[in-house]
Each structure stands twice: as structure tokens, then as C-alpha cells.
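Architecture at a glance
Spelled out, the chains give:
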Amino acid sequence: MPTMTAAQRRAEEKVRFDAYLANCKSRVVLQRIADKWVMLIVCALGERDMRYAELSRQIAGVSQKMLTQTLRNLERDGIVNRSVEPTVPVSVTYSLTDLGRGLHSLIVDVKTWSESCAREILAARERYDDEHSAPADSK
């Protein structure tokens, strides 16, 4: 096996993790972080560490199953830390890891943008639907 130069190794790494390629492993990461529950959980935990019930109250509409599943996946991915305190009853606190804080700094802007642009996007959808649902003979 021939020795690779540093430039060749960098070029190989770039190809290995190119999300535009169908079989790229980074697509798994993109799929995970693009999930609405992931984004909301990471945003909430970016504000402060929380217990399960606090997260459930903070994120309206998330089912117990989805919250549990998403937290487990985020813990597995190294984004969320689950801390268990041996109290009665057991106290479990969730927090962001360093990796999670890096993700938070990126997606909090997406959350803020979506909140500030929601009215405009909904109006655009309404205009589009009005234009494209009119009978053909009226155009």
C-alpha cells in the first residue's frame, strides 16, 4: 500500500464526508439534526439543563415516546448528557455536551429565523395556494 501525502489524505477525507454523495455517512448526521424535535430539544437545553418533565412542558406537542426516543438518540450521538442522581425518586437531568453546545450555536439561529419569518412564509404559502388552486378557465 503506497504512502499518502497529507494533501492526498485531506482530499480523501473530503470525499469520504461529502453530504452530496448518496452513501456519505454525514447524511446520517444531517438527518438527525434536521429533525424538529432534535432542534427544539437542543435549543431548550441550550438555555439551561432540564429534567425530563421540564423538557416535556417546554416543548409543546412532543409525545412521551418521541421525547424519550429523541433524548436517547442525542445521548447516543454525544450531543446530550444524561445525569442520574440517586435520590428518591431518581432525578435525571439532561444537558448539552460540548458537541451539543456547538450544534446549539448553529440551530438557535435557525429557530430564531423561523420565528421571525413565519408570518411572511405563511402569507407566501397562502398567495401561492390561491394562485395555483384557481380554476383553469379563470386564468
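Worth saying up front: this structure is predicted, and the values here are computed from it rather than measured.

Let's shift gears to a negative patch on the surface. Taken together, E126, D129, D130 and E131 make up a surface patch of like negative charges. Judged by its relative accessible area of 54%, E126 is exposed.

Moving on: the pairing of strand β3 (residues 91-96). Counting buried positions along β3 yields five of six residues, so the element is predominantly enclosed. Bridge count for strand β1 (residues 50-51) against β3 is two bridges, and the pairing is antiparallel. The residue of β3 that forms the bridge with R51 is T93. Bridging between strand β2 (residues 80-85) and β3 involves six bridges; their strand directions are antiparallel. Paired with V84 across the strands is V92, a residue of β3. Linking β2 back to β3 in an antiparallel pair, the connection comprises five residues.

As a further point, take the sheet that holds β3. With antiparallel pairing, the three strands of this open sheet are ordered in space as β1-β3-β2. Two strands close off the open sheet at either side, each with one partner strand: β1 and β2.

For the bond running from V88 to P89, omega is -10°, close enough to zero to count as cis. Tracing the chain through its elements places P89 in the loop between β2 and β3.

Here we come to the nonpolar core. Judged by nonpolar contacts, the single largest core of 21 residues is most densely connected at V42, L45, L55 and V80. Looking at which element gives the most residues to this core, the answer is helix α3 (residues 36-47), with seven residues.

Applying the stated criterion across every chain, the model contains zero disulfides. C43 forms no disulfide, and the closest cysteine sulfur to it belongs to C117, at a distance of 15 Å.

On to helix α5 (residues 64-76), then. Across its 13 residues, α5 extends 18 Å between first and last C-alpha, which sits within 8% of the 18 Å expected from 1.5 Å per residue. Along α5, the positions that sit buried rather than exposed are L67, T70, L71 and L74. Axial view of α5: buried residues confined to an arc of 100°, hence all on one face. For α5, the exposed residues set more than 90 degrees away from the buried face come down to K65, R72 and R76. Buried residues belonging to α5 abut α3, α4 (52-58), β2 and β3. Looking one or two residues past α5, G78 carries a phi angle of roughly 80°, positive in sign.

Calculation criteria
The residue numbers shown here count from 1 along each chain, following its written sequence. Totals for whole chains, interfaces and linings use every residue, but because this is a predicted model, local features are given only for residues with pLDDT of at least 70 and side-chain atom pairs only at 80 or more, for both listing and counting. Calculation of side-chain values draws on the structure's entire complement of heavy atoms; hydrogens and water are dropped beforehand. Patch membership requires more than 30% relative accessible area and the absence of a salt bridge. Residues of like charge join within 9 Å; the nonpolar side chains Val, Leu, Ile, Met, Phe, Trp and Tyr join within 5 Å. Note that accessible areas follow from Shrake-Rupley with a 1.4 Å probe, and for residues the cover is restricted to the protein chains shown. Definition used for salt bridges: Asp or Glu carboxyl oxygen within 4 Å of a side-chain nitrogen of Lys or Arg. Neither His nor the chain ends is counted toward charge; the positive residues are Lys and Arg and the negative residues Asp and Glu. Here the site of a charge means NZ on Lys, CZ on Arg, CG on Asp, or CD on Glu. Categorising residues by exposure relies on relative accessible area from a 1.4 Å probe, with only protein chains included: less than 20% of the type maximum marks a residue as buried, more than 50% marks it as exposed, and the intermediate range marks it as partly exposed. Starting at the N terminus, helices and strands are each numbered in turn, a helix being any DSSP run of H or I of at least four residues and a strand any DSSP run of E of at least two. Two strands are counted as paired when DSSP detects at least two bridges linking them. Among buried residues, the Ala, Val, Leu, Ile, Met, Phe, Trp, Tyr and Cys ones that are joined through side-chain atoms within 4.5 Å form a nonpolar core. By convention in this document, the label disulfide applies to cysteine sulfur atom pairs within 2.5 Å. Multiplying 1.5 Å by the helix residue count minus one yields the expected span of that helix. The arc in question is the one traced by the directions running from the helix axis out to the C-beta atoms. Any pair of residues with heavy atoms lying within 4.5 Å of one another is described as a contacting pair.

Don't take any of this as a statement about function, it's just geometry.
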